[in-house]
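# Observations on chain architecture
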Amino acid sequence: QVQLVESGGGLLQAGGSLRLSCAASGRTFSMYVTAWFRQAPGKEREFVAAISRSGGRSQYADSVKGRFTISRDSTKDTVYLQMDSLKPEDTAVYYCAISNVWTVLDNSYRYWGQGTQVTVSA
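### Quick look at the overall build of the protein chain
Check the secondary structure of the protein chain and you find zero helices and 11 strands. Moving toward the C terminus, one meets the helices and strands of the protein chain in the order β-β-β-β-β-β-β-β-β-β-β. Taken against the 2.2 N^0.38 rule, which gives 14 Å for 122 residues, the C-alpha radius of gyration of the protein chain at 13 Å falls within 12% of a compact globule. Across its three principal directions, the C-alpha atoms of the protein chain cover 40 × 30 × 25 Å. Burial status across the protein chain gives 45% buried among its 122 residues. Of the roughly 6,200 Å² of accessible surface on the protein chain, 47% is carried by carbon and sulfur atoms.

### Some points on the environment of Lys43
Of note, Lys43 is situated in the loop between β4 (33–39) and β5 (46–51). With 49 residues separating them along the chain, Lys43 and Ala92 place their C-alpha atoms 9.5 Å apart.

### Looking at the pattern of salt bridges
In the structure shown here, the tally under the stated rule is five salt bridges. For Asp90, the salt bridge identified is with Arg38, shortest N-O distance 2.9 Å. Remark: Arg38 occurs in strand β4 and Asp90 occurs in the loop between β8 (78–83) and β9 (92–99); sequence separation between them is 52 residues. Across this residue pair, the class does not change: Asp90 and Arg38 are buried. Across the pair Arg45 and Asp106 runs a salt bridge, and its minimum N-O distance is 3.2 Å. Residue Arg45 is found in the loop between β4 and β5, and its partner Asp106 is found in the loop between β9 and β10 (111–112); the two are separated by 61 residues along the sequence. The exposure class assigned to Asp106 is partly exposed, which follows from its relative accessible area of 24%. In the salt-bridge network here, residues are joined through shared partners; they are Arg38, Glu46, Arg67 and Asp90.

### Overview of the pairing of β9
Burial of β9 is extensive: seven of the eight residues sit out of reach of the surface. In this structure, β4 lies alongside β9, joined through seven bridges in antiparallel fashion. Bridging across to β9, Gln39 finds its partner in Val93. As paired strands, β9 and strand β11 (residues 116–121) are joined by three bridges and run antiparallel to one another. Paired with Tyr94 across the strands is Thr116, a residue of β11. Bridging between β9 and β10 involves two bridges; their strand directions are antiparallel. Each residue of the ladder has a partner; that of Ile98, found in β10, is Tyr111.

### Regarding the sheet that holds strand β3 (residues 18–25)
One open sheet holds the four strands; their spatial order is β1-β3-β8-β7, and the pairing between them is antiparallel. On the outer flanks of this sheet lie β1 (3–7) and β7 (68–73), each paired with one strand and no other. Across the sheet, the mean angle separating the axes of adjacent strands is 15° when strand polarity is ignored. Strand direction decides the pairing type here: β7 and β8, joined by six bridges, are antiparallel. For Arg72, the partnering residue across the bridge sits in β8 and is Val79.

Rules used in this analysis
Residues take numbers from 1 onward in each chain, read along the sequence in its written order. Per-residue local features are limited, in this predicted model, to residues with pLDDT of at least 70; the limit for side-chain atom pairs, both in listing and counting, is 80 or more; totals at the level of whole chains, interfaces and linings are taken over all residues. For side-chain calculations, the full set of non-hydrogen atoms in the structure is used, while hydrogens and water are omitted. The secondary structure listing takes helices from DSSP runs of H or I that are at least 4 residues long and strands from runs of E that are at least 2 residues long, numbered from the N terminus. To get the radius of gyration, use the C-alpha atoms; to get the globule rule, take the number of residues to the power 0.38 and multiply by 2.2 Å. Partly exposed residues are those whose accessible area sits between 20% and 50% of the maximum for their type, while under 20% is buried and over 50% is exposed, using a 1.4 Å probe and protein chains only. Only the protein chains shown count as cover for residues, and the accessible areas themselves come from Shrake-Rupley with a 1.4 Å probe. Each reported salt bridge corresponds to a side-chain nitrogen of Lys or Arg within 4 Å of a carboxyl oxygen of Asp or Glu. By this definition, two strands are paired if DSSP reports at least two bridges between them. Axis lines are fitted to C-alpha atoms, over the contacting stretch for helices. Their N-to-C directions set the angle, which ranges from 0 to 180 degrees.

Here it is as structure tokens:
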């Protein structure tokens, strides 16, 4: 019913920036809360950021607050994660997901993308 595709990951040095994209098909992003999660090797998946249906509200994990910005472009049906001042501890596979309710709990997000790798070197 809904397919999410992440892109924009890569390898870069600490202090650099990347912008991740999440494109949706099947249903428009405006109908869902959209969030980014990440998972590093040997660690559990963790919440990164979320944005409301309208794009008027966002929420961030403390670990990325002030460095990452989530945004929504309704004309392109795409959600972005602008990642600035990247740190080695940001290295992970980043996933986008959608939910019908406002939440930071990963088990409340019903549809997930395939993930995109972000690797930050020291």
